[in-house]
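Structural description and commentary
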Amino acid sequence: MKLRNILGIALLSTILVSCFEDETTLGNRPISEIIIDSTSIQQVYNINKNDSLIITPIVTQKNKELPLSYAWELDQEIVSVEKDFRYKGDILGTYQGRLIVSNDDGKAFYTFTLHVNSPYEFGIMVLSKDADDRPHIAFM
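Below is a short write-up of the structure. (Residues numbered from 1 in each chain as written. Predicted model: local features only at pLDDT ≥ 70, side-chain atom pairs only at ≥ 80, totals over all residues. Heavy atoms only, no water.)

1. So, the sheet that holds strand β2 (residues 44-48)
Reading across the sheet, the five strands line up as β2-β9-β8-β5-β6 and stay open at both edges, with mixed pairing between neighbours. Edge positions in the sheet fall to β2 and β6 (77-80), since each of these pairs with one other strand and no more. Each neighbouring strand pair of the sheet contributes to a mean axis angle of 35 degrees, computed without reference to strand direction. In this structure, β2 lies alongside strand β9 (residues 106-117), joined through five bridges in parallel fashion. When the sheet's bridge partners are listed, Asn46 is paired in β9 with His115. (Pairing = 2+ DSSP bridges. Helix = DSSP H or I, 4+ residues; strand = E, 2+ residues; numbered from the N terminus. Axes fitted to C-alpha atoms, helices over the stretch in contact; angles between N-to-C directions.)

Below, the structure is given as structure tokens:
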């Protein structure tokens, strides 16, 4: 009796699933692929503290032109949503950056590294004295 019930349920399930008709309309057009020109963005940027950095990416799409949205991340935090990245290096350090360009069909990514350097990281410290034996320190 149990076997008959199990076989009946399995047969009924198979019949119900086979009657399902797929009426989706997705996938009937080519995808608009986003291409970020790698020559327009460097892999490593070096700027001094309090200097400004402007990155203007060249982005194209294959097939259909769709509206694009931009997001610029530094250390996994979104710092800008404009097409051009404008950054003032006010905090020293090394940051992992990423450009995210998206449209209705998908996203494209480009990663880069940003070093905000101190202008006094490298050089020569010179200790001297003047004619009155007063000390002077110079950094070159």
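2. So, the pairing of strand β8 (residues 93-103)
Where strand β5 (residues 69-74) and β8 come together, six bridges link them in antiparallel fashion. Counterpart to Glu73 in the pairing with β8 is Arg98. As paired elements, β8 and β9 share eleven bridges and run antiparallel to each other. Bridging across to β9, Ser102 finds its partner in Lys107. The antiparallel pairing of β8 with β9 creates a hairpin that spans two residues between the two strands.

3. Topic: the packing of aromatic side chains
Following the criterion strictly, the structure yields six aromatic pairs and no others. Relative to Phe112, the ring of Tyr45 has its centre 5.9 Å away and its plane inclined at 85 degrees; by these criteria the two rings are edge-to-face. Residue Tyr45 is located in strand β2, and its partner Phe112 is located in strand β9; the two are separated by 67 residues in the primary sequence. Among the aromatic residues, those joined into a cluster by ring pairs are Tyr45, Trp72, Phe85, Tyr87, Tyr95 and Phe112. (Phe/Tyr/Trp six-rings, centres within 6.5 Å; stacked < 30°, edge-to-face > 60°.)

4. Overview of the nonpolar core
Generally speaking, a soluble globular protein has its nonpolar side chains buried in company with each other. Counting residues in each nonpolar core, the largest one holds 21 residues, and the members touching the most others are Ile36, Ile41, Ile55, Tyr87, Leu99 and Leu114. Mapped by element, the contributors of at least two residues to this core are β1 (34-36), β2, β3 (52-55), β5, β7 (85-88), β8 and β9. Ranked by the residues each element gives to this core, the list is headed by β9, at five residues. With residues near it in sequence (within four places) discarded, Tyr87 still touches Ile47, Asp51, Ser52, Leu53, Leu74, Tyr95, Leu114 and Val116. (Core = buried A, V, L, I, M, F, W, Y, C linked by side-chain atoms within 4.5 Å. Buried < 20%, exposed > 50% of the residue type's maximum accessible area, 1.4 Å probe, protein only. Contact = heavy atoms within 4.5 Å.)

Note that all results are geometric; they support no functional claim without further evidence.
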